[in-house]
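Summary of structural features
Each chain, letter by letter, is given below.
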Amino acid sequence: MKGLDAILEEHPFFAGFAPPHMQLIAGCARNRRFDEGEYLFHEGDPADEFFLIRHGRVALDITPPGRDPIVFETLGPGEIVGASWLVPPYRWMFDARALEVVRAIGIDAACLRGKCDADHDLGYQMMMRFLPILVKRLHATRLQILDVYGRH
Amino acid sequence: MGTNVTIARDGLQALIEALRADGREVIGPTVREGAIIYDAIRDIADLPAGWTDRQEAGRYGLEQRADGALFGYTVGPHAWKQFLFPARETLWTMRRTGDGAEVTDGATPASRHAFIGVRSCELHAIAIQDKVFVSGPYPDTNYRARRADAFIVAVNCGQAGNTCFCVSMRTGPKVEGGFDLSLTELLDDTRHDFLIAIGSEAGAAIMQHVPHRPATAADLSAADSAVARAAAGIGRHLQTEGLKQALQAAPEHRRWDEVAARCLTCGNCTMVCPTCFCTTVRDHTDLAGNTARRVREWDSCFTLDFSYIHGGSVRHAPRARYRQWLTHKLANWIDQFGTSGCVGCGRCITWCPVGIDITEEAAAIANAPAAAREAHHEGA
Amino acid sequence: MAATDPAVAADPFLPALYRVARTRRELADTVTLELLPLEGVRPDFAPGQFNMLYAFGVGEAAISISGDAAEGAAFVHTVRNVGAVSGALARMRPGATLGLRGPFGTGWPVAAAEGADVVIVAGGLGLAPLRPAIRHILNHRRRYGRVVLLFGSRNPGEMLFRRELERWRQRLDVEIGVTVDHADPSWRGNVGVVPSLIRHASFDPHEAVAFVCGPEVMMRFTATALLAAGMGGERIWLSMERNMKCAIGLCGHCQFGPTFICKDGPVMRHDVIGGLLSVREI
Ligand SMILES: Cc1cc2nc3c(=O)[nH]c(=O)nc-3n(C[C@H](O)[C@H](O)[C@H](O)COP(=O)(O)OP(=O)(O)OC[C@H]3O[C@@H](n4cnc5c(N)ncnc54)[C@H](O)[C@@H]3O)c2cc1C
Ligand code: SF4
Ligand code: SF4
Ligand code: FES
């Protein structure tokens, strides 16, 4: 079995990370496994851990009041689940459900926030990696809102 | 061909008769409802003898001249395109039959036209429409037939209009080619003659029925000075160098907003323009619903429907529609047909109800291309 | 475009008569029609071209050819009912007569793409004009490098050509990515917009050619993602849509900057038109 450090290094999110920073992050990380149908987290839960998917796919659902749940995004290997841990009040805004067996690295949010506060270089590296992902998702969301295939 | 002869005023009557005898419907300028328009004429008495026009941005009026000139005005609201490319025309008719349908070509037997009094800018406009309708992979067969049958009597301008800018567009005022016959009116206290240049074999053939004499050196120089007078009196100017690039680079120029604030999107400018060629098609069905007639009509890029695709119009804002018109005319046309789409006739300036001047708008953008560009980017 | 000899060209406005041979309901508002000429044989066409279909007394609409270019005697068209003409076409029954002019426009560069990876990105009904190209490529699979088909729809219930997609998916020599904008939890596939699939697709951006068709905004985002993946604009082809009245360069309606979509397009290169795509209301 590979050590957590090696697994972390393989994940595209950490490509090019300096070894001392990798060690800091590894200190907040653990291996996670979810069975098909199991929830990574639910809407409203404290966002105390976020996930780097290694295998499997995750569906993000929202349930409008009085309506059936809607899947608005699916994420797969190499992708990150969750950004709410970055901003107060640190609560999830949707459900995350494993569509199949999911192996992921879970990162303790409070632990990482603490390390980023203490080491702004690490904080900067994390932001540099998170921001492009967030912006890309924002673009994708806009495209979804436009409902381009709809009947207009 | 290339021969010059001179005819007296009466010779013009003989020309009209000869053209009619040749089986042609003669179309020429005539005064109607306060404007000089183009319509069927039978006699030189139908011509606007002694009339001239006064044109300004948004204004047009007729005035009596001190002399009896027959062509002593410039261009009015009509253009020859209405005869070569009618405002409304049946493309075809489809009839339901027992188990299917049958289609019949709608081309009306073209009446053979003779146009009298075609200005140099108008000859260029016809040449531009030839490129649009005939030079592409799918020539417009009806246009081509009418065009091939048209006999053109051009006229050199002896005076320029206040909204004209043919000199800038290199389309006038001197008639250079593309005619069967061309006229220059020679009029002073002592004479009222026309110098005629013969431009084609058809022109030479018709002249056999028109009394004429060889042109003298004095006739030729009188004609030259008439055209020079027109060129000198030209009312407007447009700098065309670099204009195409400037316009194509400035879709977000603030000037479009400013002009759109005045523009009524009425489409008058497109209706009077001798080169505008856009059309739409409509179906007309009979009451029983067994026959459908497909009719093509002039359209204008100023309407909302023009760019409609399900969900809405692509060019919703007036600024987008004015921009489309002007950029097409003066820039995109060059990419499409190798020539500007504007001949500098000034009609769109005169007939714009709010007096928007294409030369001013184009110059404003070309002269301050970068300064007034809005920041335009897609943010995060 | 094949140059037509102007001297002998027939009136390009005259439609030929066709009969609906078969219909097939694809989606609630979308129907595929197979059209056979009443006389003679249907003309050849290139994948990506379109016809003008005329519904009696209602009018004409530009509709892409969605059938195989090498197979069958019919013109196959897939029509979505969005208005008067498309509605009349979509309601046609076998045996109905209609008018047809075409084929018109530029096609997908299937020959020029030989030897290269091909990335096909379709959104919604945009799969219809791409289907002749996909069929062609799959029928000549060995002439191409990797082939990737990415397809986005609004939701799983509005996914065009679902059965055919399944068949394509069975093949081992095509990579298929399907996604929907949103779904109910029973959907086990991807949810997300189609450009987001590009990152995961395997192709060589410097050698690949992309064919993109869908709503204009979707094509804009897709082109951006392809460019970001390292593909040059000269390798990205988009199929454009504008109001069309004549399809032969005479009515002026389809202008897009200096181009006419009907004769310079509908399939156009991104490096040629990309600058116009971001100009509002052009
Ligand atoms: C190159 C090309 C290929 C196309 N391929 C297909 C296809 O394969 N299947 C399909 O279902 N649709 C296709 N379309 C769209 C189709 O032409 C329109 O949906 C159709 O013209 C709408 O007409 P309507 O009378 O039903 O709608 P209405 O809303 O009643 O339309 C009114 C008028 O607006 C114009 N118009 C409206 N929407 C469009 C549009 N999207 N594109 C162009 N003109 C429009 C037409 O001139 C129409 O006569 C294509 C369009 C183009 C330009
Ligand atoms: S754009 Fe105006 S000036 Fe130019 S040809 Fe048309 S009407 Fe005449
Ligand atoms: S420019 Fe003048 S004539 Fe043309 S649409 Fe605007 S208001 Fe009407
Ligand atoms: S559709 Fe008429 S010019 Fe293109």
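1. Details of the overall build of chain A
The helix and strand tally for chain A stands at 4 helices and 8 strands. The linear arrangement of helices and strands in chain A, starting from the amino end, is α-α-β-β-β-β-β-β-β-β-α-α. What you see for chain A is a C-alpha radius of gyration of 16 Å, in line with the 15 Å of a compact globule of 152 residues. Oriented by its inertia axes, the alpha-carbon framework of chain A measures out at about 55 × 30 × 25 Å. In chain A, 73% of the contacts between residues at least 6 apart in sequence involve partners at least 24 apart.

2. Looking at the interface of chain C and chain B
In this complex, chain C contributes 46 residues to the contact, which on the side of chain B involves 56 residues. With both chains or domains summed, chain C and chain B bury close to 4,200 Å², and 56% of this area falls on carbon and sulfur atoms. When the area that chain C buries against chain B is broken down by residue, the three leading residues are Phe56, Leu250 and Glu281 of chain C, summing to 18%. Our enumeration of links across chain C and chain B arrives at 1 salt bridge. Two residues, Arg294 of chain B and Glu60 of chain C, come together in a salt bridge whose shortest N-O distance is 3.4 Å.

3. Quick word on the interface of chain A and chain C
At the interface, 23 residues of chain A touch 29 residues of chain C. Between chain A and chain C lies a buried interface of about 2,300 Å² when both sides are counted; carbon and sulfur atoms form 54% of it. As a salt-bridge pair, Arg199 of chain C and Glu79 of chain A come within 3.5 Å of each other at their nearest N and O atoms. Taken together, the connections running from chain A to chain C amount to 9 residue pairs in polar contact (both at pLDDT 80 or more). Taken together, the elements giving at least two residues each to the side of chain A that touches chain C come down to strand S5 (70-75) and helix H4 (120-146) of chain A. Among the elements that line the side of chain A that touches chain C, the one with the most residues is H4 of chain A, at 6 residues. Taken together, the residues of the side of chain A that touches chain C break down into 11 nonpolar, 4 polar and 8 charged.

4. Details of the pattern of salt bridges
Counting across every chain of the model gives 48 salt bridges over all chains. One salt bridge connects Asp35 of chain A with Arg33 of chain A, and the closest N-O pair in it is separated by 2.4 Å. Taking relative accessible area as the criterion, Arg33 of chain A reaches 44% and is therefore assigned partly exposed. The salt bridge partner of Asp283 of chain B is Arg294 of chain B, with a shortest N-O separation of 2.4 Å. Taken together, the positions of Asp283 of chain B in strand S13 (residues 279-285) and Arg294 of chain B in strand S14 (residues 291-298) put the pair 11 residues apart, joining distant regions of the chain. Judged on exposure class, the residue Asp283 of chain B and its partner Arg294 of chain B are both buried. Bridged by salt links that share partners, the residues Glu89, Asp140, Arg146 and Arg296 of chain B form one connected network.

5. Here we look at the pairing of strand S11 (residues 209-213) of chain C
Residues and elements named next belong to chain C. Counting buried residues along S11, 5 of its 5 residues qualify, which places the element largely inside the surrounding structure. On S11, burial covers both faces: Val209, Phe211 and Cys213 on one face and Ala210 and Val212 on the other are all buried. Sheet analysis places S11 next to strand S12 (residues 236-239), joined by 3 bridges and oriented parallel. Residue pairing in the sheet places Ala210 in a bridge with Ile236 of S12. With helix H5 (residues 216-228) bridging S11 and the parallel S12, this β-α-β connection has right-handed handedness.

6. Overview of the site of ligand 1
Near ligand 1 there are 23 residues, and of these Ala62, Thr78, Arg80, Ser86 and Glu241 of chain C occur at the shortest range. Near ligand 1, the surrounding residues are drawn from chains B and C. At 2.8 Å from a nitrogen atom of ligand 1 is found a main-chain nitrogen or oxygen belonging to His310 of chain B. Between ligand 1 and Thr78 of chain C there is a distance of 2.8 Å, counted from a nitrogen atom to a backbone nitrogen or oxygen. In the complex, the protein chains occlude 89% of the 830 Å² of accessible area that ligand 1 would expose alone. No other element matches the 4 residues that strand S4 (residues 59-64) of chain C contributes to the shell around ligand 1. Looking at the shell around ligand 1, its residues break down into 13 nonpolar, 6 polar and 4 charged.

7. Examining the nonpolar core
Counting residues in each nonpolar core, the largest one holds 84 residues, and the members touching the most others are Phe115 of chain B together with Val119, Leu150 and Val212 of chain C. Take this core: its biggest share by element is 7 residues, from helix H3 (residues 120-134) of chain B. Those residues within four positions of Val119 of chain C in sequence are excluded, and the remaining contacts are Val148, Leu150, Phe203, Ala208, Val209, Ala210, Phe211 and Met231 of chain C.

8. Regarding helix H9 (residues 254-262) of chain B
Residues and elements named next belong to chain B. Among all positions of H9, only Trp256, Val259 and Ala260 are buried. Seen from one end, H9 has its buried residues packed into an arc of 105°, which puts them on one side. Where H9 is buried, its residues contact helix H8 (243-248), helix H11 (318-337) and helix H13 (358-367).

9. A closer look at the sheet that holds strand S3 (residues 50-55) of chain C
All names here are of chain C. Pairing within the open sheet is antiparallel, and its 6 strands lie in the order S4-S3-S6-S1-S2-S5. The open sheet terminates on both sides in strands that have one partner only, identified here as S4 and strand S5 (75-80). Each strand of the sheet is rotated relative to its neighbour by a mean of 40°, with strand direction disregarded.

10. Quick notes on the domain arrangement of chain B
Residue and element names in this part refer to chain B. Its domain assignment divides chain B into domain 1 (3-87 + 99-232) and domain 2 (243-373). Inter-centroid distance (C-alpha atoms) of domain 1 to domain 2 is 27 Å. Contact residues are listed per partner, giving 33 residues for domain 1 and 30 residues for domain 2. Roughly 2,600 Å² of surface becomes buried between domain 1 and domain 2 when both sides are summed, with 64% attributable to carbon and sulfur atoms. Of all residues in domain 1, Lys81, Ile128 and Phe165 bury the most surface against domain 2, accounting for 22% of the area lost on that side. For the interface between domain 1 and domain 2, the tally reads 2 salt bridges. Ionic pairing is found between Glu122 and Arg347, a salt bridge with its closest N-O pair at 2.5 Å. Between the two partners, domain 1 and domain 2, sit 20 residue pairs in polar contact (both at pLDDT 80 or more). Per element, the largest residue contribution to the side of domain 1 that touches domain 2 is 9 residues, and it comes from H3. A per-class count over the side of domain 1 that touches domain 2 returns 18 nonpolar, 9 polar and 6 charged.

The rules behind each value
- Residues numbered from 1 in each chain as written.
- Chains lettered and ligands numbered in written order.
- Predicted model: local features only at pLDDT ≥ 70, side-chain atom pairs only at ≥ 80, totals over all residues.
- Heavy atoms only, no water.
- Helix = DSSP H or I, 4+ residues; strand = E, 2+ residues; numbered from the N terminus.
- Rg over C-alpha atoms; globule rule 2.2 N^0.38 Å.
- Contact = heavy atoms within 4.5 Å.
- Buried area = accessible area lost by both parts, 1.4 Å probe.
- Salt bridge = Lys/Arg side-chain N within 4 Å of Asp/Glu carboxyl O.
- Polar contact = N/O pair within 3.5 Å; in protein donor to acceptor, adjacent residues only side chain to side chain.
- Nonpolar A, V, L, I, M, F, W, Y, C, P; charged D, E, K, R; others polar.
- Buried < 20%, exposed > 50% of the residue type's maximum accessible area, 1.4 Å probe, protein only.
- Pairing = 2+ DSSP bridges.
- Right-handed = clockwise from strand over helix to strand, strands pointing away.
- Near = heavy atom within 4 Å.
- Areas by Shrake-Rupley, 256 points an atom, 1.4 Å probe, with all protein chains shown as cover.
- Core = buried A, V, L, I, M, F, W, Y, C linked by side-chain atoms within 4.5 Å.
- Arc of directions from axis to C-beta.
- Axes fitted to C-alpha atoms, helices over the stretch in contact; angles between N-to-C directions.
- Domains from an automatic or database assignment.

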